[in-house]
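Each chain is listed here by its residues.
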Amino acid sequence: MNTNLLLGIAKAHLLTKIKQTLIAALGVTFGIGSYITLVSFMTGLNEMLDSLILNQTPHIHVYNEIEPSESQPIANYSDFENSMNVVKSIKPKFSQTKIHNALPLIDKLNADKRVRGALPQLNIQLFYISGSIELVGNLKGIDIMKEVDLFNFGDYIIEGAAKDLENTNSGIFLGSGVAEKMSLKVGDRIQVSTVKGGVFPLKIVGIFQSGVADLDDIQSYANLSTVQRISGVPNNYITDINVKLYDIENAPSMAKSIAYQNKLKAVDIATANAQFETGTTIRNLITYAVSVTLLIVAGFGIYNILNMLIYEKMNDIAILKATGFSGKDVQFIFLSQAMIIGIIGGLLGLLVGFLLSSLIDGIPFETEALPTIKTYPVNFDVWYYIIGISFALVSTFFAGYLPSLKARRIDPVEIIRGQ
Amino acid sequence: MVLEAKKINKHFRKPVDFHVLKDIDLNIKNGEFVSIMGKSGCGKSTLLYILSTMDTDYEGELFIKGQKISGKTRDELSYIRNKHIGFVFQFHYLLSEFTVLENVMLPAKKLGEKSLKEIEADAMEKLRILDIEGIAYNKASNISGGQKQRVAIARALINNPSIIMGDEPTGNLDSHNAQNVFSIFKKLSVEQGLSLLIVTHDLDFAKKTDRIVEMLDGRIIS
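These figures come from a predicted structure and were not determined experimentally.

Engineer: Looking at this structure, I do not really get the overall build of chain A. What am I missing?
Structural biologist: The secondary structure content of chain A amounts to 15 helices and 10 strands. When each of the 419 residues of chain A is scored for burial, the buried share is 38%.

Engineer: Honestly, unusual backbone geometry in this entry has me stumped. Any pointers?
Structural biologist: With the exception of glycine, most residues fall at negative phi, and the peptide bonds are largely trans. Unlike most non-glycine residues, A:N101 shows phi in positive territory, near 55°. With respect to the helices, strands and loops of the structure, A:N101 is situated in the loop between β1 (60–63) and α3 (102–111). Here A:N101 falls in the exposed class, since 12 other C-beta atoms lie within 10 Å of it. Phi is positive for B:K65, which is not a glycine, with a value near 50°. Within the fold, B:K65 resides in the loop between β4 (59–64) and β5 (67–68). Under the C-beta neighbour-count criterion, B:K65 is labelled partly exposed, with 14 such atoms within 10 Å.

Engineer: In this structure, what is going on with the pairing of strand β2 (residues 115–130) of chain A? I would like to understand it.
Structural biologist: Residues in a regular strand point their side chains to alternate faces of the sheet. Residue and element names in this part refer to chain A. The pairing of β2 with strand β9 (residues 240–245) spans 6 bridges and is antiparallel. Each bridged residue has a counterpart across the sheet, and for Q121 the counterpart in β9 is D240. What sits between the antiparallel neighbours β2 and strand β3 (residues 133–142) is a turn of 2 residues, in which G131 has the positive phi angle 60°. The sheet contact formed by β2 and strand β6 (residues 189–194) spans 4 bridges and is antiparallel. In the sheet register, Y128 faces β6, and the bridge partner there is V192.

Engineer: Is there a simple way to explain the sheet that holds β4(B) in this structure?
Structural biologist: Within a sheet, each strand pairs with its neighbour through backbone hydrogen bonds, oriented either parallel or antiparallel. All names here are of chain B. Spatial strand order, β2-β1-β4-β5: 4 strands in an open sheet with antiparallel pairing. Lying at the two open borders of the sheet, with one neighbouring strand each, are β2 (18–28) and β5. In terms of strand pairing, β4 meets β5 through 2 bridges, oriented antiparallel. Of the residues in β5, the one forming a bridge with I64 is Q67. The sheet contacts of helix α1 (residues 44–51) involve β1 (3–12), β2 and β4, and relative to β1 the element is tilted by about 125°.

Engineer: Looking at this structure, I do not really get the UniProt feature "transmembrane region" (unreviewed entry) in chain A. What am I missing?
Structural biologist: When the UniProt feature table is mapped onto this chain, "transmembrane region" (unreviewed entry) is found at residues 21–42, 285–311, 332–356 and 382–402 of chain A. Helix makes up 100% of residues 382–402 of chain A and strand makes up 0%, while its end C-alpha atoms are separated by 32 Å.

Engineer: Help me understand the interface of chain B and chain A, please; the structure alone is not making it clear to me.
Structural biologist: Bring the parts together and some accessible area is lost; that lost area is often taken as the interface size. Each partner contributes to the interface: chain B provides 24 residues, whereas chain A provides 21 residues. Of all the elements in the fold, those that place two or more residues in the side of chain B that touches chain A are α1, α2 (74–84) and α3 (100–111) of chain B. Sort the elements by how many residues they give to the side of chain B that touches chain A and α2(B) lands first, with 6 residues. When the residues that make up the side of chain B that touches chain A are grouped by side-chain class, the tally is 12 nonpolar, 5 polar and 7 charged.

Engineer: Could you clarify how one ought to interpret the sheet that holds strand β7 (residues 163–167) of chain B in this entry?
Structural biologist: The strand order across the open sheet formed by 6 strands is β6-β7-β8-β3-β9-β10 (chain B), and the pairing between neighbours is mixed. Each edge of the open sheet is held by one strand with a lone partner, namely β6 (85–88) and β10 (219–220) of chain B.

Engineer: Sorry if this is basic, but what is going on with the pairing of β4(B) here?
Structural biologist: For β1(B) and β4(B), the ladder comprises 5 bridges, and the chain directions are antiparallel. For B:E4, the partnering residue across the bridge sits in β4(B) and is B:F63.

Engineer: Help me out: how do you make sense of the nonpolar core in this one?
Structural biologist: Side chains of a nonpolar character, in soluble globular proteins, are inclined to be buried together. Membership of the largest hydrophobic core comes to 108 residues, with the highest contact counts inside it found for A:I302, B:L51, B:V104, B:I163, B:L196 and B:L197. The residues touching B:L197, leaving out its near neighbours within four places in the chain, are B:L3, B:I28, B:V34, B:L51, B:I163 and B:M165. A:A118, A:V227, A:I238 and A:A266 belong to the second-largest nonpolar core, a separate cluster that totals 49 residues.

Engineer: Looking at this structure, how should I read helix α4 (residues 116–129) of chain B?
Structural biologist: All names here are of chain B. End to end, α4 covers 20 Å across 14 residues, agreeing with the expected 20 Å (1.5 Å per residue, within 8%). Burial in α4 covers these residues: I119, A123, K126 and L127. Buried residues in α4, looked at end-on, bunch into an arc of 100°, giving them a common side. Across α4 from its buried face, at more than 90 degrees, point the exposed residues K117, E118 and A121.

Here is what the cut-offs are and how they apply
Along each chain, residues carry numbers from 1 onward, in the same order as the chain's sequence is written. Key to labels: chains lettered from A, ligands numbered from 1, both in the order written. A pLDDT threshold of at least 70 governs which residues receive local features in this predicted model, and a stricter bar of 80 or more applies before side-chain atom pairs are shown or counted, although totals over entire chains, interfaces and linings include all residues. Strands here mean DSSP runs of E at least two residues long; helices mean DSSP runs of H or I at least four residues long; both are numbered from the N terminus. Labels follow a simple rule on C-beta atoms placed from the backbone: if 20 or more others lie within 10 Å of a residue's own, it is buried; if 12 or fewer, it is exposed; otherwise it is partly exposed. Two strands form a pair only when DSSP identifies at least two bridges running between them. Here, residue contact means that the backbone-derived C-beta atoms of the two residues sit within 7 Å. Here an angle of 0 to 180 degrees is reported between the N-to-C directions of two axes, which are lines fitted to C-alpha atoms, with helices fitted over the stretch in contact. UniProt positions are given in the numbering used here, feature names are shortened, and annotations may be inferred rather than shown by experiment. When residue character is reported, Ala, Val, Leu, Ile, Met, Phe, Trp, Tyr, Cys and Pro are called nonpolar, Asp, Glu, Lys and Arg charged, and the others, Gly included, polar. As used throughout, a nonpolar core is a set of buried Ala, Val, Leu, Ile, Met, Phe, Trp, Tyr and Cys residues joined through C-beta atoms within 7 Å of each other. By this rule the span expected of a helix is its residue count minus one, scaled by 1.5 Å. The arc in question is the one traced by the directions running from the helix axis out to the C-beta atoms.

What follows is the structure, given as structure tokens:
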């Protein structure tokens, strides 16, 4: 009853000053609307830029590196223990490129709770043969459906479908650069020869484009079993393991332990792409700085109108207090006005933000890098809307608090006697 | 005894210390119509605001209907004003956004003892007593000065207070309307046994009341 009465008075005040009320509300609308638009667009872009790197890059890449052994045999010879040994022209140690005991290692990684998936790959060099011309290239044997699932491989397929590769025994996904150079299209056959010799015909079931031209000019993908067959190696022959984690933060420590336990090379994504995280952080910072500034400006608008309203309604405040309304009641009236402005402005802001983001979402945006993206990327995360409306309410509360406190403290005697 | 003030002293501390009320003792009986007279600056309005509980910065004791008022919290005082005291000021202080009826209903809604229907019926009854029920649904900003003051009186009456206090309620009205307001007060005093305490400059007005309290330099002289 009492609340309704006070809200009724608040409403009457706002309605008589409808123009100022609307302007104050529009300030909030503008602030929240641009926050939503900015943050949706910025994070959309950020996600796209991140995904350029993150999608293709495993969190941990495990492989066997060809390198010289760290200690030479002479170091084990006790007679020369305290002398300086000079070994010239050290050659890399002969070792196999395959990962020793790869299949048990993959099983072990997949059983780890932190790991989303560990995928085997077989990387070989080959030649694409077109008549008398041989083009150097790379072929990766992969588990296509899992790659689609974990590394968004599907986003880079511009012709054909992932399923086609899985279902075709001797199928190949050709890089767009290779396909263009050799004038090949889906459904054609291509001859490839391995370094060890031997020519194999493969059926082109799809074309992919990673966005990195150098890569698209040489890279192709086929089923792991197909590549193993071409290279004449058994089905436990695997050169690379790509690991995707649930939490990217675990990558560096896990990489270290994998490398140490298995005597393998393991590179984590943070080491491989240190610069990209900095970029993301700074872009987010800019977004929030701009939004907060806009909301502070909106807050001052509300502060201003409430102050004005309180000066205009001095007599009303005096008589309300004289007839038995307490200071708290009067404060409630003005604070609720601020909150009404905040709620209306904030909700409108969400709507404006949503409409603007939808508009941006519809603007064509063609990029070589991400063939599946046709329009500007926008992130419609519901959290931004929740943050937006909360921020509108919090900032209008603070903007309204000081003026309402003033109204609460006004001494009715001073006003009545001042007339 | 509706109102009892014992040894009320008040100082204005700014800009310099000024002893504005000196040992004021004042009693108002049930149904008594009292006027306070005195020159400007003699402290009569200051006294009224202390008696009305709006000003709490004083020494001495104040009783309303035998209940001690001095030292109560602001919220308690708000309730006491709401329930026991009706106000009429020199200016009407109506809320211009609301209709006459809504203005009159406001203190009763705040008190919240009756249903909305009962309050509305009460308000119409008060307007009828003051002979202005015809403008009940007009906006408060759209009626004449005399009417506004009568609406203010109706508002003061809505919670059936123990006492009506007025600070020069006729000071801003022409003689015809002033006469009108006086006869309303008189009627309320006689017919409904209401106590009234009115600060005024108007000797003609004061002469017609039951008792005149005359003040000079912060003291009651008669």
